[in-house]
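Read off the chains here:
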Amino acid sequence: SKVLYLGAASGTSVSHVSDLVGPDGVVYAVEFSHRPGRDLVNMAKKRPNVVPIIEDARHPMKYRMLIGMVDCIFADVAQPDQARIVAHNASFFLKTGGHCVISVKANCIDSTVAAEVVFASEIKKLQEENFRPLEQLTLEPYERDHAVVVAAYRVAKKKSS
């Protein structure tokens, strides 16, 4: 499998994804901040299936030459425009029928409304961008006002019988 990991930070979670995809898979790990990016690069030296990319996930054109089509996008960017960032990257790199796993931190998107309202809004934005939500899990009691959304990209609509 090939995974595009947006918001890779120092690479702790990326290393787990690296284990999951195995030696025949690849994880393209995008991180904007230079300090955690340095740790990410050092971790990738020990893991040949991790490609560290120190770049802004808002601008996939800047790293498009480094990445082929991927099976999955994992996003942990904690930005107000997270759904747009994921959709923009998906338009470049995510295979038709591919999936995304998005960590939604409600307070990073809109701290003035209830977390459930933010989650519903993010799902609606994804639907507008050709994603079909498959699952939503809150991370309570481990993380307050956090959820994980799993969605499929550009899948055919089910025919009603």
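Right above here is the structure, for reference.
Residues numbered from 1 in each chain as written. Predicted model: local features only at pLDDT ≥ 70, side-chain atom pairs only at ≥ 80, totals over all residues. Heavy atoms only, no water.

Visitor: Is there a simple way to explain helix α3 (residues 82-93) in this structure?
Guide: Each α-helix winds once per 3.6 residues, and so residues spaced three or four apart point in a common direction. With 12 residues, α3 should reach 16 Å at 1.5 Å per residue; the first-to-last C-alpha distance of 16 Å fits that figure. For α3, the set of buried residues is Gln-82, Ala-83, Ile-85, Val-86, Ala-87, Asn-89, Ala-90 and Phe-93. (Helix = DSSP H or I, 4+ residues; strand = E, 2+ residues; numbered from the N terminus. Expected span 1.5 Å × (residues − 1). Buried < 20%, exposed > 50% of the residue type's maximum accessible area, 1.4 Å probe, protein only.)

Visitor: Help me understand the pattern of salt bridges in this model?
Guide: Pairs can form between side chains of opposite charge once their charged atoms are near each other. Evaluation of the coordinates by the stated rule reveals nine salt bridges. The salt bridge involving Arg-35 is made with Asp-39; its shortest N-O contact spans 3.1 Å. Pair noted here: Arg-35 and Asp-39 are both in helix α2 (residues 34-45), with a separation of four residues, about one helical turn. Here Arg-35 falls in the partly exposed class, since its relative accessible area comes to 49%. Between Lys-105 and Asp-76 there is a salt bridge, and its shortest N-O distance comes to 2.2 Å. Residue Lys-105 is found in strand β5 (residues 94-105), and its partner Asp-76 is found in the loop between β4 (70-75) and α3; the two are separated by 29 residues along the sequence. (Salt bridge = Lys/Arg side-chain N within 4 Å of Asp/Glu carboxyl O.)

Visitor: Explain the environment of Cys-100 to me, please; I cannot follow it from the model alone.
Guide: As for its position among the elements, Cys-100 is in strand β5. Assessed through its relative accessible area of 0%, Cys-100 is described here as buried. In this structure the C-alpha to C-alpha distance between Cys-100 and Phe-74, which are 26 residues apart in sequence, comes to 5.7 Å.

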